[in-house]
Amino acid sequence: MLGTFLGLEIATRGLQAQQAAIEITAHNIANANTPGYSRQRADLTATLPLEVPGLTSAVHGQIGTGVEVVEIQRLRDNYLDNQYWEQNQYLGQWQATQDSLQKITAILNEPSDSGISTVMQSFWNAWEQLATNPSDLSARNLVAQSAVTVAQTLNQTANQLSDLSDDLTTSLNATVDQVNSYLTQIAQLNKQIDIVSQSGNQPNDLLDQRDYLVDQLSSLVDISVQSDGTTPFQISIGGTVVLDDQTVETDPSDPSQPVLRTTGDPANPVSIPVSGGKVKGLIDSLSLLAGYQADLDAFANGLANGPATVTLAGDWTVSASAGQATLPVDMTIGGQSYPAGTPWSTIAADNPSLGITFDASGDATIPQGTQITVAGLNALEEMGYDENGDHAPALFVDDTGTSGSITAANITVNPDVLSDVSQLAAGLSTNAGDGTLATTISSLKSAEIQFSDAADSSAVMPLKQGTLDEFLQAVVGQLGIQGQQANQEVSAQQAVMQQIDMQRQSVSGVSIDEEMSHLIQYQQSYNASAKVISVINDLLDTLIQNV
């Protein structure tokens, strides 16, 4: 027979195993609210039995020797982890895009009492008032001040969009730095994990820390993780390996730089392709923002420089110089385009149906109702007459005082007009009280204007041709559609992420109720093993006393 001390050993092993299980349960309870923590479990198994010769048989029997903890298992589902990382990149991407579109919407602030459309309506109203009393100084001042308000509103909007672009660029730089910081931390954890694993222990808490960092990383960029336990832990971004176990990869052409970095090039903002995560969302946002900046510039330039097609509200008289009247601005009339300086006699000969007439001194008269296409409001002002009977200067200029390259950021009112509003043209003739040009300009509100990106004539615009109001509505409508899409994508991805996270929590999450149930179970087993030791102790006392 086996000695009595075998029972003590078995009971002791039971105490040790149940104590380990209790400690693991306590660890789970303590980390129930720790982000990234995975529930752990003690895997218990019977220890190797002893072979004992039989009393009545030559075949050896086996006697159990107790229990031991063979492994502290970390409960994790790799499939769900990969699903989480894959979907998290889309959520990060659309959240960044959604945030940017909301900021653009707030900047454009349309429709509102202080938006561009409201300011433009006041501008057109001022021209209508000037048309009824072109000699009224207060009406002229109202037009000038309304023009200043238009320019300032466009300036402010452009500056806010520019500030947002700077903010997005700063955020992109910071996010890329955060990506590289996460990679460095993961590499350091891999070093510790390898050391613990090589010693034969389970680095469960270190693995949790690593996976939690990968969770955070997956919201920033599109990642692919290779970790099957037999090959080194690898992370790729856009198909490019950026982490190989304990090594953060560097740029082969410049080892001092990480593989992923910002370039400062708007066409390729980052050094390697990124197709998901916050980084992708910020890149998309910068592209969207550049489009809206171009739209706003097209609006400002369309207002000032057209081309715009209008109908003359009165007879236009062009005074002759040296016996010949010439075209004061570039113009399309009668379906043909003519440069400034073209004799009206040539235009009349080309287009007899227009009914252009000449007086004895050579002055040309273009009849009311004639349709012309000119370079926006500035050209209309330059073809009209101011209070002194002279052709007026351009109303809108850039910050250098020229009217050639106007953008929303640099548009301003001609300082010559602001200093002397008598230089504002209101008539199509030099006759006192002529307000027909002001009427024509007020009709520019409903005139067809051609819009284009000054930097890229082939760029897609929300509206190639239409009125200023229609163009602004198209811009706002496009912004609304993009914002709605972003909201829908974020809502959909949040629902997907919530479902996956619930599945992950069902595997890895700590349930206090379940842990308390396990704690009672282990406690009872521990007490039972202690009772066995107590019984054996009594047996030994009896044996010793009777010997």
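It should be noted that the structure appears before, not after, this text.
This text gives an overview of the structure that appears in the document. Quick caveat, the model's predicted, so the values are computed rather than measured. (Residues numbered from 1 in each chain as written. Predicted model: local features only at pLDDT ≥ 70, side-chain atom pairs only at ≥ 80, totals over all residues. Heavy atoms only, no water.)

Brief notes about the sheet that holds strand β18 (residues 364-366)
Move 1: Taken in spatial order, the 3 strands make up an open sheet running β14-β18-β17, and their pairing is antiparallel. At either margin of the open sheet sits one strand with a lone partner, and together these are β14 (316-318) and β17 (357-358).
Move 2: Note that β17 and β18 share 2 bridges and pair antiparallel. When the sheet's bridge partners are listed, Phe358 is paired in β18 with Ala364. (Pairing = 2+ DSSP bridges. Helix = DSSP H or I, 4+ residues; strand = E, 2+ residues; numbered from the N terminus.)

Digging into the packing of helix α6 (residues 277-305) against helix α11 (residues 468-508)
To describe two helices that pack against each other, one gives the angle between their axes and the distance between the axes.
Move 1: Interhelical geometry of α6 versus α11 gives an angle of 170° and a closest axis separation of 10 Å. For the element pair α6 / α11, the angle class is roughly antiparallel. On α11, the residues that touch Leu288, Tyr292, Asp295, Ala298, Phe299 and Leu303 of α6 are Leu468, Phe471, Leu472, Val475, Gln478, Leu479 and Gln482.
Move 2: For the contact of α6 with α11, the per-class residue count stands at 10 nonpolar, 2 polar and 1 charged. (Axes fitted to C-alpha atoms, helices over the stretch in contact; angles between N-to-C directions. Parallel < 35°, antiparallel > 145°, perpendicular 65-115°, else oblique. Contact = heavy atoms within 4.5 Å. Nonpolar A, V, L, I, M, F, W, Y, C, P; charged D, E, K, R; others polar.)

So, unusual backbone geometry
Move 1: A cis amide bond links Glu110 to the next residue, Pro111, at an omega of -10°.
Move 2: Along the chain, Pro111 turns up in the loop between α2 (78-108) and α3 (116-132).
Move 3: Look at Asp245: it is not a glycine, yet its phi comes out positive at around 55°.
Move 4: Residue position: Asp245 is located in the loop between β7 (240-244) and β8 (247-248).
Move 5: Not every positive phi belongs to a glycine, and Ala322 is a case in point at roughly 55°.

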